[in-house]
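Inside the fold
Read off the chains here:
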Amino acid sequence: MKVSPEDPPVPGFASLGLAGPLVAAVAALGYEEPTPIQREAIPSLLEGRDLVAQAATGTGKTAAFALPLLDRLTREGGSRGPVAGSGARALVLVPTRELAMQVAEAVHKYAKGTRLAVVPLYGGAPMDQQVRALRRGAEIVVATPGRGLDHLRRGTLVLSALEVLILDEADEMLDMGFAEDIDAIVAKTPATRQTALFAATWAPRIAAIAGRHLTNPVRITIAREKRPAGKLPRVRQVAYIVSRAQKPAALGRVLDFEAPKSAIVFCRTRLEVDELTDTLNAHGYGAHALHGGMVQKQRDRVMQAFRAEQAEILVATDVAARGLDIEHVSHVINYDVPSAPEVYVHRIGRTGRIGREGVAITLAGPREHRFLRSVETLTRQPIEVLTLPTVADLRARRFEATRQALGAQLAEGGFDDMRTIVDALAQDFEVLDIAAAAVKMIHDASDKEMGAAPLEPEPRFEARPAPAKRPRSQASPRQLSESGDVALLRISGGRRAGVRPGDLVGAIAGEADVSSGVIGAITIADDHAVVEVPEGLVARITAALSATRIKGQKVSVRRITDGAASGPR
Ligand code: ADP
Ligand code: MG
């Protein structure tokens, strides 16, 4: 494997100065290197500085604040374990219940190997359970402002010894009207605390809140660079919006549709690379894993197979693929959005080399629209947000492939021997029928080679294994609904009405008050749209959408049962 000089090695987590158990924890999660926001934020936070950081969703902000926070708490007496009733040492404020659970779970994972306890506090859950958890002693509290304030007023949350305060997704907290609650909470904390504020967007209101609560902060902005990080090749860039649970099936669909000669599929972590490679191979795709956890010999072997075009799909982490000099990659697929727009540019630099057309495909989560936009700003190239190819699209594509193959054979000639067969059969059959039967044989044979078309809307792959246990006993409704059945809703108003996937996600998440993470594939047709939603939420979503407007229009919603009905594009 050639490593080009323009790709210097990036220092890992250890070089950022983090304590051993934390470095071990991120390694166990399969992280190979810090993301740009982590690389910039962690050293300053370890120094004890206040910090304001702006970076898009999905860039790894949680670890950027959690790791230094954990480092600080372990260094200063964390080894004694939680002391009952002693008050929180770190508080993370987040805008929503869903994020409180999600961030608490992430911090809990990063805290593996330390004895620090994390407790999430959010509304809509019984107080007494949260009170008990606080009484047992929780160094780290992740709370929504409303519920946090509630506990503070009851005296069940004590912040007089707080060392670290994090305002996560501060822009969203302000949008949701939490400014006063935040101020009231901060007023109960010691002035000696360290404070960091994270936001995906920048607004004067954020500067104002930072000015009120932060002291001489370090400022970090990721992805505001206006010039491309490198020369961009000719690449067709598309994105599909799919939820986490639907990614494996979506990838299968995309691979079937694109039938890439040679693709690199990028994942965030080693674990994900291994898991996805297994899943792909179990379904008949020839996939090979490449990540930093493999010994050099294995890596060389994989690269050799890929170069020799014996392996059509390479599933890789960014680190492993850095500096790879491969000529023939036809498709770069981002199974996850990369950790920064610059990383995106880097990834797609693997395709479309030497004047060839390349395709870059991103599977983005419903919340990751903004990320796509910052990539567009950086590259000054559009990313087309498309709907997933349907079974009908796949069929059309395959017919076309068969037609092309036959056309090529006809042009090439050299099938005189076969005429005797046709002559013999022509005694009993129409020549057109003979030809059609021959075409069918060819078509079916190539179909088999490509694997069967996935069924809509069932995921083509088994659900992924459940993620690691969440902290304490917080059951997540999100996880439950994601693993359940999905239903298809047909919503009036489509492309002609200017409806985009984001409008539907916004309307469903906002009006029906469900997590955007549960929304599955979205198909936008000319005059309507089809959205995959969890079976259990059909009634709620239907009711909410029927009562609202999308792009200023009343909409009608009806359930469709037949998977093929999601066909129109
Ligand atoms: P943000 O808060 O910026 O939206 P998150 O902290 O939620 O982003 O992280 C997004 C995803 O990236 C998570 O799945 C997380 O596990 C993963 N992640 C974070 N840091 C890294 C890293 N250094 N390497 C690989 N994956 C990472
Ligand atoms: Mg976040």
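For clarity, every value in this text was computed on a predicted model and none was experimentally measured.

Scoring rules and cut-offs
- Throughout this description, residue numbers start from 1 for each chain and increase along the sequence as written.
- Chain letters start at A and ligand numbers start at 1, both assigned in the order the entries are written.
- Predicted model: local features are reported for residues with pLDDT of at least 70 only, side-chain atom pairs are reported and counted for 80 or more only, and whole-chain, interface and lining totals are derived from all residues.
- No hydrogens and no water enter the side-chain calculation; it runs on all heavy atoms of the structure.
- On a range of 0 to 100, pLDDT expresses the predictor's confidence in each residue.
- We call two residues in contact when some of their heavy atoms are within 4.5 Å.
- In this description a helix means any DSSP run of H or I spanning at least four residues, a strand means any run of E spanning at least two, and both kinds are numbered starting from the N terminus.
- Working definition: a ring pair exists when centres of Phe, Tyr or Trp rings (six-membered ring for Trp) sit within 6.5 Å. Plane angles under 30 degrees give stacked, over 60 give edge-to-face, the rest tilted.
- Relative accessibility under 20% of the residue-type maximum defines a buried residue, over 50% an exposed one, and the middle range a partly exposed one, all with a 1.4 Å probe and only protein chains included.
- Working rule: Lys NZ or Arg CZ, within 6 Å of ring centre, within 35 degrees of ring normal, means a charge sits over the ring.
- Strand pairing is defined by DSSP finding a minimum of two bridges between the two strands.
- Here an angle of 0 to 180 degrees is reported between the N-to-C directions of two axes, which are lines fitted to C-alpha atoms, with helices fitted over the stretch in contact.
- For classification, angles of less than 35 degrees are called roughly parallel, those exceeding 145 degrees roughly antiparallel, those between 65 and 115 degrees roughly perpendicular, and all remaining angles oblique.
- In this scheme, a crossing is called left-handed if the near helix is turned counterclockwise away from the far one by less than a right angle; it is called right-handed if the turn is clockwise.
- The residue classification treats Ala, Val, Leu, Ile, Met, Phe, Trp, Tyr, Cys and Pro as nonpolar and Asp, Glu, Lys and Arg as charged. All others, Gly included, are polar.

Okay, the confidence of the model for the protein next. When pLDDT is averaged along the protein, the result is 82, and 84% of the positions lie at 70 or above. The model gives residues 450-483 a pLDDT under 50, and that stretch makes 79 contacts with residues more than four places away or in other chains. Contacts for the low-pLDDT stretch residues 562-569, under 50 throughout, to residues beyond four places or in other chains number 23 contacts.

Moving on, we come to the environment of Leu46. In this structure, Leu46 sits in helix 2 (residues 36-46). Distance in space between the C-alpha atoms of Leu46 and Leu70 is 9.9 Å, their sequence separation being 24 residues. When sequence neighbours within four positions are dropped, the list of residues in contact with Leu46 reads Leu16, Gly17, Leu18, Pro68 and Asp71.

A few words on the packing of aromatic side chains. With the rule as written, the count across this model stands at three aromatic pairs. Relative to Tyr110, the ring of Tyr31 has its centre 6.1 Å away and its plane inclined at 65 degrees; by these criteria the two rings are edge-to-face. In this pair, Tyr31 sits in the loop between helix 1 (20-28) and helix 2 while Tyr110 sits in helix 4 (residues 97-110), placing the two residues 79 residues apart along the sequence. Ring centres of Phe65 and Phe198 lie 5.4 Å apart, and the angle between their planes is 55 degrees; this geometry places the pair in the tilted category. Here Phe65, found in helix 3 (residues 61-75), pairs with Phe198, found in strand 6 (residues 194-199); they are 133 residues apart in sequence, far enough to count as distant. Assessed through its relative accessible area of 1%, Phe65 is described here as buried. The class for Phe198 is buried, based on a relative accessible area of 0%. Against the face of Tyr335 rests Lys247, its NZ or CZ located 5.8 Å from the ring centre. Looking at Arg397, its charged tip hangs above the ring of Phe257, at a distance of 4.5 Å from the centre.

It is worth spelling out the pairing of strand 17 (residues 528-534) at this point. For strand 17, a buried count of seven out of seven residues is recorded, marking the element as mostly surrounded by other parts of the structure. Residues His528, Val530, Glu532 and Pro534 point to one face of strand 17 and Ala529, Val531 and Val533 to the other, with burial holding for every one of them. The pairing of strand 15 (residues 486-492) with strand 17 spans seven bridges and is antiparallel. Note that in strand 17 the partner of Ala487 across the bridge is Val533. Examined bridge by bridge, strand 16 (residues 522-524) and strand 17 share three bridges and lie antiparallel to one another. Bridged to Ile524 within strand 17 is Ala529. As consecutive antiparallel partners, strand 16 and strand 17 are separated by three residues.

This part is about the packing of helix 8 (residues 179-186) against helix 9 (residues 204-213). As a packed pair, helix 8 and helix 9 sit with axes 11 Å apart at the nearest point and diverge in direction by 10 degrees. Accordingly, the angle class assigned to the pair helix 8 and helix 9 is roughly parallel. At the point where helix 8 passes helix 9, the crossing takes the right-handed sense. Between helix 8 and helix 9, the residues in contact are Ile182, Asp183 and Val186 and Ile209, Arg212 and His213, respectively. Its residues placed into classes, the contact of helix 8 with helix 9 shows three nonpolar, one polar and two charged.

Right, let's get into unusual backbone geometry. Here the phi dihedral of Asn216 falls at roughly 40 degrees; this positive angle occurs in a residue that is not glycine. Structurally, the position occupied by Asn216 is in the loop between helix 9 and strand 7 (218-221). Look at Glu309: it is not a glycine, yet its phi comes out positive at around 60 degrees. Following the sequence through the fold, Glu309 ends up in the loop between helix 12 (296-307) and strand 11 (313-316).

This brings us to the sheet that holds strand 1 (residues 51-54). Backbone hydrogen bonds hold the strands of a sheet together, and the pairing may be parallel or antiparallel. Taking strand neighbours across the sheet as the criterion, the seven strands line up as 3-4-2-5-6-1-7 in an open arrangement whose pairing is parallel. Edge positions in the sheet fall to strand 3 (118-121) and strand 7, since each has one partner strand and no second. Within this sheet the neighbouring strands show an average axis-to-axis angle of 15 degrees, counted without direction. Where helix 4 meets the sheet, its contacts fall on strand 2 (90-93), strand 3 and strand 4 (140-143), and the angle it forms with strand 3 comes to roughly 175 degrees.

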